[in-house]
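Now for the letters of each chain:
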Amino acid sequence: MSTKLHDYDYHLPEELIGQEPREPRDHARLMLVDKTNKKIEHKHFYDIIDYLQEGDILVRNSTKVIPARLFGHKETGGVLEILLIKRINLDTWECLLKPAKKLKLGQKLYVGQNSELVAELIEIKDDGNRVLKFTYEGAFEEVLDKLGNMPLPPYIVETLKEKERYQTVYAQRGESVAAPTAGLHFTKELLEKIEKKGIKIVDIFLEVGLGTFRPVQTEDVLDHKMHEEIFEIPQEAADIINKGKAEGRRIISVGTTSTRALESSVNENGKVIAQKASTDIFIYPGYEFKVIDALITNFHLPKSTLLMLVSAFSSRKFMLSVYETAVKEKYHFFSFGDAVFIY
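What counts and what doesn't
Residues numbered from 1 in each chain as written. Predicted model: local features only at pLDDT ≥ 70, side-chain atom pairs only at ≥ 80, totals over all residues. Heavy atoms only, no water. Helix = DSSP H or I, 4+ residues; strand = E, 2+ residues; numbered from the N terminus. Rg over C-alpha atoms; globule rule 2.2 N^0.38 Å. Contact = heavy atoms within 4.5 Å. Areas by Shrake-Rupley, 256 points an atom, 1.4 Å probe, with all protein chains shown as cover. Lys, Arg positive; Asp, Glu negative; His and termini not counted. Charge placed at Lys NZ, Arg CZ, Asp CG, Glu CD. Buried < 20%, exposed > 50% of the residue type's maximum accessible area, 1.4 Å probe, protein only. Domains from an automatic or database assignment. Buried area = accessible area lost by both parts, 1.4 Å probe. Polar contact = N/O pair within 3.5 Å; in protein donor to acceptor, adjacent residues only side chain to side chain. Core = buried A, V, L, I, M, F, W, Y, C linked by side-chain atoms within 4.5 Å.

Tallying secondary structure elements over the chain gives 6 helices and 17 strands in all. In terms of overall dimensions, the chain is globule-like: its C-alpha atoms have a radius of gyration of 21 Å, near the 20 Å expected for 343 residues. Considering only C-alpha atoms, the chain reaches an extent of 65 × 40 × 40 Å along its principal axes. When contacts within the chain are restricted to residue pairs at least 6 apart in sequence, long-range pairs at least 24 apart make up 71% of them. With an accessible surface of roughly 16300 Å², the chain has 47% of that area assigned to carbon and sulfur atoms. Taken as two groups, the 47 positive and 52 negative side-chain charges of the chain have centres that lie 2 Å from each other.

Structure representation (structure tokens):
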């Protein structure tokens, strides 16, 4: 097991970073990775149904992404970017502001042509984040939907034409500021076919935070402090998963966010607990998975905690060879990239 950051690096040509969503969603490419026999196959995402078995339990993160990126201006006219990070109460949010240095407590920012949203700076946090109190008319969610943009990762430079393409088709509720991107490949039609085949689909929730994109900056990965995210495992979901585990069925996690929620909810008897809590779980090689048997995910950034997680699920050496193959075969990487099914 390596805890050195440089051991989770790989070479990625810039042109392989997915800039636009695949159309249709399920026509993304799919790499099948048999981690036991060290075998790789190349398919399309709609083929995944052939590799799911009757009785499998598919666990997905049904969080909703909010259009958390706003552009406001000061009274003097200077423009600032506001990124909502975490809701503190009904009208108050912890935010990331760019540029933020000259902004003083009590200063106001105006969003929208008619200033439909007004934000007042009420606190400067130790980590540099700002706390803004918003005033507006009507429902905040409706105002945000009108004025906000989807908070795309910094490596996506193309403009997103349709907001819902950074949203899973099964998103229900939540205030995520990043999408659980493994789920972007599913269409409603594909999900119907999966259910008809006798695969149980289970909804859990984890509010994806900006920490998803935060790079590891310590050479010894054990010194890295993970971000905290709120998650919820409903009672029905816990019951289905626990029954499935007892019957020897495969628990297949859609994405690293579902994985982190599930692996954060296990008691000493190996049972998944229904709860709403927060997690800062850090999964890296040497970790023993207690819930999941297979993982659907995307291709992750070099030196990222997500690459460490998939390396823990297989092995670092094998996963790096998988990524090398993906580069050679010109798969698309990251949020709008292609998918991998590790089983």
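Next up on the list: unusual backbone geometry. Omega for the bond connecting Glu23 with Pro24 falls within 30 degrees of zero, at -20°, which places this linkage in the cis form. Tracing the sequence through the fold places Pro24 in the segment before β1 (29-34). That bond from Lys98 to Pro99 is cis: its omega, -15°, falls within 30 degrees of zero. Along the polypeptide, Pro99 turns up in the loop between β7 (92-98) and β8 (108-111). At Lys38, a position not held by glycine, the phi torsion is positive, near 55°. Accessibility expressed as a relative area gives 47% for Lys38, which makes it partly exposed.

Now for the domain arrangement of the chain. For the chain, the assigned domains read domain 1 (5-65 + 163-342) and domain 2 (70-149). For domain 1 versus domain 2, the separation of C-alpha centres amounts to 32 Å. Opposite the 4 residues of domain 1 that make contact, domain 2 presents 8 residues. If you sort the residues of domain 1 by the area they bury against domain 2, Lys163, Glu175 and Leu210 come out on top, with a joint share of 80%. The tally of links between domain 1 and domain 2 comes to 3 residue pairs in polar contact (both at pLDDT 80 or more).

Among the nonpolar cores identified, the biggest contains 65 residues, and Tyr166, Ile233, Ile241, Phe299, Tyr323 and Phe333 are the most heavily contacted of them. For this core, the leading source of residues is helix α6 (residues 316-328), giving 7 residues. Counting residues in each nonpolar core, the second largest holds 24 residues, with Ile66, Ala68, Ala100 and Phe134 among its members.

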